Amino acid sequence: MTIRKILKMGNPLLREPALPFESEEITSDETNELIQSMWDTMEEYGGIGLAAPQIGVSKQLAVIRIEEDNERYPEAEEFEEIIIFNPKITLLDETLQGFWEGCLSVPGLRGVVFRPRKVQIDYLDESAKEKSIIAEDFLATVFQHELDHLFGKLFIDRIEDISTLSFEDELVSADEEKEL
Ligand code: NI
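Residues numbered from 1 in each chain as written. Predicted model: local features only at pLDDT ≥ 70, side-chain atom pairs only at ≥ 80, totals over all residues. Heavy atoms only, no water.

Bringing helix α3 (residues 137-149) into the picture now. For α3, which comprises 13 residues, the first-to-last C-alpha distance of 19 Å matches the rise-based estimate of 18 Å (1.5 Å per residue) to within 8%. With 12 of 13 residues buried, α3 is to be regarded as a mostly interior element. Of all the positions in α3, only Phe 138, Leu 139, Ala 140, Thr 141, Val 142, Phe 143, Gln 144, His 145, Glu 146, Leu 147, Asp 148 and His 149 are classed as buried. In this structure, the buried residues of α3 make contact with β1 (49-51), β2 (61-65), β3 (81-101), β4 (109-124) and β5 (130-136). (Helix = DSSP H or I, 4+ residues; strand = E, 2+ residues; numbered from the N terminus. Expected span 1.5 Å × (residues − 1). Buried < 20%, exposed > 50% of the residue type's maximum accessible area, 1.4 Å probe, protein only. Contact = heavy atoms within 4.5 Å.)

A separate point is the pattern of salt bridges. Enumeration over the complete set of coordinates arrives at 12 salt bridges. Of the charged contacts, one joins Asp 157 and Arg 15 as a salt bridge, the two residues approaching to 2.7 Å between their closest N and O atoms. Of this pair, Asp 157 sits in the loop between α3 and β6 (166-167) while Arg 15 is found in the segment before α1 (23-26), placing the two residues 142 residues apart along the sequence. Given a relative accessible area of 33%, Asp 157 falls into the partly exposed group. (Salt bridge = Lys/Arg side-chain N within 4 Å of Asp/Glu carboxyl O.)

This part covers the side chain of Gln 54. As for its position among the elements, Gln 54 is in the loop between β1 and β2. Residue classification places Gln 54 among the buried positions, given a relative accessible area of 0%. Ignoring sequence-local partners within four residues, the contact set of Gln 54 consists of Lys 5, Ile 6, Leu 7, Leu 14, Gly 49, Cys 103, Leu 104, Ser 105, Glu 146 and His 149.

Most of β2 sits inside the fold, with five of its five residues counted as buried. Neither face of β2 is exposed, since Leu 61, Val 63 and Arg 65 on one face and Ala 62 and Ile 64 on the opposite face are all buried. Pairing of β1 with β2 involves three bridges; the strand directions are antiparallel. Counted as the bridge partner of Ala 51 is Ala 62 from β2. Where β2 and β3 come together, five bridges link them in antiparallel fashion. Bridged to Arg 65 within β3 is Glu 81. (Pairing = 2+ DSSP bridges.)

Pasting the structure below:
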């Protein structure tokens, strides 16, 4: 187990665009260790997604894991975990949908963010193979949130109504508490 420190809002590295990986770099032992430490760190902090810049590595890598028994988002039931390198995002449905978002780099806070409801992500997997995934509804928000980290963006940048920005212990509904 390697638990890494998660950088918090205010750390300039979270605002830098991350660099893409070379194919041979993706399959290296060093990257393999990096991925493992991201899973370990994400689990330790109780998140469902983590991007490499959040642990101080300014590279285009994100991991997402949604448990299959997630009751609120049954449409995501076949989706368990994914490792994404060098993603490119295409909007498939620009209809906006709002979710309460949180972030391990913005601990204790939540806010409502509106994002397009359906996206396609083209990326390289951990074998450096080209892959593509289509994400809808909450999962589309999860992907967009994590990919934002690779471009120096945080969810608070996208809150339209800043009055929704809340401390999570003040939020009444427990099932709105999702760390992205
Ligand atoms: Ni985040």
